Amino acid sequence: MKKKWGIFAAILLTFSMILSACSSTSGGSSDKDKSGKLEIFSWWTAGGEADGLKALIKVFEKKQPDLKVNNAAVAGGAGTNAKAVLATRMQGGDPPSTFQVHGGAELMAWVNSDKMQPLNDLYKKNGWDDKFPKELINMVSKDSKIYAIPVDIHRGNVLFYNKKIFEDNHLEAPKTFDDFFKVADKLKAKGITPLALGDKEIWPATMLFENILLGKLGPDKYKALWTGGEPFDSPEVKESAEIFKKMLGYINDDHSSRAWQDASQLVADGKAAMNVMGDWAAGYYTSLNLKPNKDYGWIETPESDGDFMVITDTFGLPKGVKNEGDVKKFLTVLGSVEGQDAFNPLKGSIPARTDADPSKYDDYSKDAMKDFKSDALTPSLAHGSAAPESYLTKVNQAVNIFVTQKNVDQFIQSLKDASSELKK
Amino acid sequence: MAEANLQNTPARTQPNPKTRPKRKKIRSTDRLLAISFLLPSIVAVAVFVYGFIGWTGYVSLSKWHAILPDLSFAGLENYLTLFQNFRFQSDLRNTLIFTILFIAVVALLGQCLAVMIDKKIKAESLFRNIFLFPMALSFIVTGVVWRWVLNPSSGVNLLFDKLGWDLKWYTDTTIWPGIEIGKVTGGIPIALIAVVIAAVWQMTGFSLAMYLAGLRGIPEELKEAARMDGASEFQIYRKIILPMLRPITLSVIIIMAHISLKIFDLIYAMTGSGANFVTDMPGVYMFETTFRSHNYAEGGAIAIIMLLSVAIFIVPYLIHSRKGEQ
């Protein structure tokens, strides 16, 4: 009889252990929210980005000494790991206080899922409406509700080139596609790889293509592509694909083994002459102790003078956070000149506000800040601003196939087939 | 309730109640105790393994293509789009070729090394450790190292360049012999050979260890008897050692197959999807579909196909080994 009670107790014990294990985990997470800690979620974990974020948090903590900030950055994969973690948390109803997201379609994915709160009152209170460019605010708005604060700007349509190679061969940085191919032919004849590409991950190739599209179509038609106003089988898009195909004849053989840094490195080492990359490459060159305008030069990608391909990191306010007031205090600092000037010089980006202090930035950034004020702004496809991720995945797939197979008709057809994703 | 059962069942089912009840009672209390100890892990495995497999299967039949869940039933639609997809067709070709090459080379090389080490050489344990060490690394480390070793413009290629060989390794996009199947070109993607080299480098030590254990398990008397009968060393190897190593080979194949069919980290660190998807694998595609483009339904479908492909190897093995036990 005693033994049976023992067994009974054992079963009870094991069951209660399972139950308590379950309840303690769910209890834990709700406690965390109530403590009122500000959780800043990003993928800025290394180098200048991390330093910039720390400087920004320092500015905030000076202003709000009684608020604690929890820097919840997730490393790896240029944000892909962080995005996976974020998706899980948002779906599980445990959003971070605020999170890094590219302005445009990537932010809209959360807005359309009804996970974000509008921030119009914050803009009004701080008088921000005329401090950010109108086109930039449009990228973070839906139905005239503004959903995020842009903190930094990177430019996507930059062609970096090795100054020494260009001077030695008496070449001018190309302004048109014809110039580009003339320069490329001369370089090829000398045995120098004209164009460096690192498409181990495919997005640099997609970036190259989107910049050709921008050059050939101009900003208005380029933007219309993503809203269904411009067909993918128009002569201009076809011509862009032909140019893309021709450009691929001038790239390094080992492109599929290189990441974007390795391609930038080719230009830095003088093994290749040009590289189309976002201007974070300028930050990379700075980290290699190369001097702007001396070691490397830059120019807008062919025929995109006066256009600015925008990649912007923004922060918004998710629904369901407990400490809304505190998050808004942080976002206020994020949108202030002081906050943006603390963050951007360290990250190597330019501020999203047009009234920041240029003297704090290096030569390249000063140049970019000047253009940012006057240029037409266009959203980048390769970085998730122009179109939903589901469309981007299909385009990346088509680009990956095109780089090898170089079949223009098939490529255009894939772009057209994928465009059903744009309407979702 | 348990009490009632314990007292009633023996009397009802046993024809001879005088001697049996006591033993039976002890046995059933033991059983109850065993079950109560096993129960937590059974529940945990049921929920966290089989429950989630079931959930993945359910998601794979749904219309969940965005961040917000949409669990309405879509039938086999996701599977159909997958099988028509260029990338997925490439993935199927790559996995098949990779698995065959990888298992064949690992099994053969492991066996050869084991036979050599078994020859009572000097410093045997040193060699054994040298071959086993790569196994202690993670595939990520292996991937990064071999990415640079086999990079077309660095590593061993500086040497090959001097010899006049222009090897492109994993950046090669040729597929040999190149037969059109569906949307893709069928054959052996040359780029995969680089990946096979890296994977073989890491896993050969494991098959070596297994074969070595197998060789040590063959009684010396058998070989001695064969020698007495005038068999040559080669005949001994073919007629005695090889047949006796067959169960080891089976285990090596099973273990390697489940590694190669699920491979993700090595590809991710070493080559990525590769130009024209010559080195892409379902695992990489699943990750990107699910977590990058938030297409949970299609991601689930890929995961289920991967599970089934591993099951093709594992299930017959489990049945076989169960029969062996009985």
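Predicted model, so just to flag it, every value in this text is computed and none were measured. (Residues numbered from 1 in each chain as written. Chains lettered and ligands numbered in written order. Predicted model: local features only at pLDDT ≥ 70, side-chain atom pairs only at ≥ 80, totals over all residues. Heavy atoms only, no water.)

**Q** Sorry, what's going on with the overall build of chain A here?
**A** Scanning chain A from N- to C-terminus turns up 17 helices and 14 strands. Relative to the 2.2 N^0.38 estimate, which gives 22 Å for 424 residues, the radius of gyration of chain A is 24 Å and therefore close to what a compact globule would have. In terms of overall dimensions, chain A has a C-alpha envelope of 95 × 50 × 45 Å along the principal axes. When burial is assessed residue by residue, chain A has 57% of its 424 residues classed as buried. Long-range pairs, those at least 24 residues apart, make up 75% of the contacts in chain A with a sequence separation of at least 6. Only carbon and sulfur atoms are counted for the fraction: they give 52% of the accessible area of chain A, which is about 17600 Å². (Helix = DSSP H or I, 4+ residues; strand = E, 2+ residues; numbered from the N terminus. Rg over C-alpha atoms; globule rule 2.2 N^0.38 Å. Buried < 20%, exposed > 50% of the residue type's maximum accessible area, 1.4 Å probe, protein only. Contact = heavy atoms within 4.5 Å. Areas by Shrake-Rupley, 256 points an atom, 1.4 Å probe, with all protein chains shown as cover.)

**Q** Before we go on, may I ask you to explain the sheet that holds strand β11 (residues 296-300) of chain A in this structure?
**A** What holds strands together in a sheet is hydrogen bonding between their backbones, with the strands either parallel or antiparallel. Residues and elements named next belong to chain A. Reading across from one edge, β9-β10-β8-β11 is the order of the four strands in this open sheet, with mixed pairing throughout. Either end of the sheet is taken by a strand with one partner, and the two such strands are β9 (193-196) and β11. This sheet shows a mean twist of 25° between the axes of neighbouring strands, independent of strand direction. In this sheet, β11 lies alongside strand β8 (residues 158-162) in antiparallel orientation, the contact comprising five bridges. In the sheet register, Tyr-161 faces β11, and the bridge partner there is Gly-297. (Pairing = 2+ DSSP bridges. Axes fitted to C-alpha atoms, helices over the stretch in contact; angles between N-to-C directions.)

**Q** Looking at this model, I keep getting lost on the confidence of the model for chain A. Mind explaining?
**A** The predicted coordinates of low-pLDDT regions are not to be read in fine detail. Residue-level pLDDT values for chain A average 90, and 91% of them are 70 or greater. Counting interchain partners and residues more than four positions distant, the pLDDT-below-50 stretch residues 22-34 of chain A has three contacts. (pLDDT = per-residue confidence, 0-100.)

**Q** Mind showing me how you'd approach the interface of chain B and chain A here?
**A** How large an interface is tends to be reported as the accessible area lost when its parts come together. Tallying the contact residues gives 40 residues for chain B and 32 residues for chain A. Summing the contributions of chain B and of chain A, the shared interface buries around 3300 Å²; its carbon and sulfur component is 61%. Along the contact surface separating chain B from chain A lie two salt bridges. With six residues, helix α2 (residues 20-60) of chain B is the single largest residue contributor to the side of chain B that touches chain A. (Buried area = accessible area lost by both parts, 1.4 Å probe. Salt bridge = Lys/Arg side-chain N within 4 Å of Asp/Glu carboxyl O.)

**Q** Even after reading the chapter, I still don't get the UniProt feature "domain: ABC transmembrane type-1" (unreviewed entry) in chain B, so can you show me in this structure?
**A** Mapped onto the present numbering, the UniProt feature "domain: ABC transmembrane type-1" (unreviewed entry) falls on residues 92-319 of chain B. For residues 92-319 of chain B, helix accounts for 69% and strand for 6%, while the C-alpha atoms at its two ends are 26 Å apart. (UniProt positions renumbered as here; feature names shortened; annotations may be inferred.)

**Q** Please clarify how the pattern of salt bridges should be interpreted in this entry.
**A** Close approach of charged atoms allows side chains with opposite charge to pair. Summed over all chains, the structure comprises 36 salt bridges over all chains. Where Glu-49 of chain A meets Lys-347 of chain A, a salt bridge forms, and the shortest distance between an N and an O atom there is 3.7 Å. Taken together, the residues span a long stretch of sequence, with Glu-49 of chain A in helix α2 (residues 47-63) and Lys-347 of chain A in helix α14 (residues 337-347) at a distance of 298 residues. A residue is classified by how much of its surface remains accessible, and Glu-49 of chain A, at 27% relative accessible area, is partly exposed. Look at Lys-347 of chain A and you get buried, because its relative accessible area is 14%. Taken together, the shared-partner salt bridges in this structure form one network comprising Glu-201 of chain A together with Arg-87, Asp-280, Glu-288 and Arg-292 of chain B.

**Q** Quick question: what am I supposed to make of the packing of helix α4 (residues 86-117) of chain B against helix α13 (residues 282-292) of chain B here?
**A** Two quantities define a packed helix pair, namely the angle between the helix axes and the distance between the axes. All names here are of chain B. The interhelical angle for the contact between α4 and α13, taken along N-to-C directions, is 150°, at an axis separation of 9 Å. Across the interface between the two elements, Arg-87, Phe-88, Asp-91 and Thr-95 from α4 touch Pro-282, Val-284, Tyr-285 and Glu-288 from α13. Broken down by class, the residue content of the contact of α4 with α13 amounts to four nonpolar, one polar and three charged. (Nonpolar A, V, L, I, M, F, W, Y, C, P; charged D, E, K, R; others polar.)

**Q** Mind showing me how you'd approach the pairing of strand β2 (residues 69-73) of chain A here?
**A** Two faces belong to every sheet, and in a regular strand the side chains alternate between them. All names here are of chain A. Pairing of strand β1 (residues 38-42) with β2, which is carried by five bridges, proceeds in the parallel orientation. Residue pairing for β2: Ile-40 is matched across the bridge by Asn-71. After leaving β1, the chain enters α2 and then returns to the sheet as β2, a path that is right-handed. (Right-handed = clockwise from strand over helix to strand, strands pointing away.)

**Q** Please explain the UniProt feature "transmembrane region" (unreviewed entry) in chain B as it appears in this structure.
**A** Under the local residue numbering, the UniProt record ascribes the feature "transmembrane region" (unreviewed entry) to residues 32-53, 96-117, 129-149, 190-213, 248-271 and 300-319 of chain B. Along residues 190-213 of chain B, the helical share is 100% and the strand share 0%, with 34 Å between the first and last C-alpha atoms.

**Q** Would you explain the packing of helix α9 (residues 203-227) of chain A against helix α10 (residues 235-247) of chain A in this entry?
**A** Residues and elements named next belong to chain A. Taken N-terminus to C-terminus, the directions of α9 and α10 make an angle of 160°; their axes are 9 Å apart at the nearest point. Considered as vectors, α9 and α10 are oriented roughly antiparallel to each other. Crossing of α9 over α10 shows right-handed handedness. Together, Ala-205, Leu-208, Phe-209, Ile-212, Leu-213, Lys-216, Leu-217, Lys-221 and Leu-225 of α9 and Glu-236, Val-237, Glu-239, Ser-240, Ala-241, Ile-243, Phe-244 and Met-247 of α10 make up the contact between the two elements. Within the contact of α9 with α10, the residues separate by chemical class into 12 nonpolar, one polar and four charged. (Parallel < 35°, antiparallel > 145°, perpendicular 65-115°, else oblique. Left-handed = near helix turned anticlockwise from the far one by under 90°.)

**Q** Explain the packing of aromatic side chains to me, please; I cannot follow it from the model alone.
**A** For any pair of aromatic rings, geometry is given as the distance between the ring centres together with the angle between the planes. Residue and element names in this part refer to chain A. Applying the stated criterion across every chain yields a total of 43 aromatic pairs over all chains. Judged by centre distance (6.1 Å) and plane angle (90°), the rings of Trp-128 and Phe-132 are edge-to-face. For the residue pair Trp-128 and Phe-132, the accessibility class agrees, reading buried in each case. With a centroid separation of 6.2 Å and 40° between ring planes, the pair formed by Phe-160 and Tyr-364 is classed as tilted. Of the two residues, Phe-160 is situated in strand β8 and Tyr-364 in helix α15 (residues 363-374); the sequence distance between them amounts to 204 residues. The exposure class of Phe-160 is buried, given its relative accessible area of 0%. A residue is classified by how much of its surface remains accessible, and Tyr-364, at 3% relative accessible area, is buried. (Phe/Tyr/Trp six-rings, centres within 6.5 Å; stacked < 30°, edge-to-face > 60°.)

**Q** Mind showing me how you'd approach the nonpolar core here?
**A** One broad rule of soluble globular proteins: the nonpolar side chains tend to lie buried together. Judged by nonpolar contacts, the single largest core of 87 residues is most densely connected at Leu-107, Trp-110, Tyr-123, Leu-136, Ile-149, Phe-160 and Leu-331 of chain A. Each of domain 1 (35-152 + 313-367) and domain 2 (158-309 + 380-423) of chain A contributes no fewer than three residues to this core. Residue contacts for Trp-110 of chain A: discarding those within four places in its chain leaves Leu-86, Ala-87, Met-90, Phe-99, Val-101, Lys-115 and Met-116 of chain A together with Ile-67 of chain B. One finds Leu-187, Val-237, Ile-243 and Val-276 of chain A within the second-largest nonpolar core, a separate group that totals 56 residues. (Core = buried A, V, L, I, M, F, W, Y, C linked by side-chain atoms within 4.5 Å. Domains from an automatic or database assignment.)

**Q** Just to check I follow, could you spell out the pairing of β1 of chain A for this structure?
**A** In terms of burial, β1 of chain A is largely enclosed, as five of its five residues are buried. Where burial is concerned, the two faces of β1 of chain A agree: the one with Leu-38, Ile-40 and Ser-42 of chain A and the one with Glu-39 and Phe-41 of chain A are both buried.

**Q** I tried to follow the layout of surface pockets on my own but got confused; where do I start?
**A** Taking a probe equal in size to a water molecule and rolling it over the atoms shows the remaining empty space. Residues and elements named next belong to chain A. Approximately 1200 Å³ is the volume attributed to the second largest pocket. Of the residues forming the lining of the second largest pocket, the biggest block, six residues, is contributed by helix α4 (residues 105-112). Among the residues forming the lining of the second largest pocket, the class breakdown is 21 nonpolar, 13 polar and 10 charged. (1 Å grid on protein atoms, 1.4 Å probe; cavity = no way out; pocket = protein on both sides within 12 Å on 5 of 7 lines; lining within 4 Å. Points joined across faces, edges and corners; volume = space filled by probe spheres on them.)

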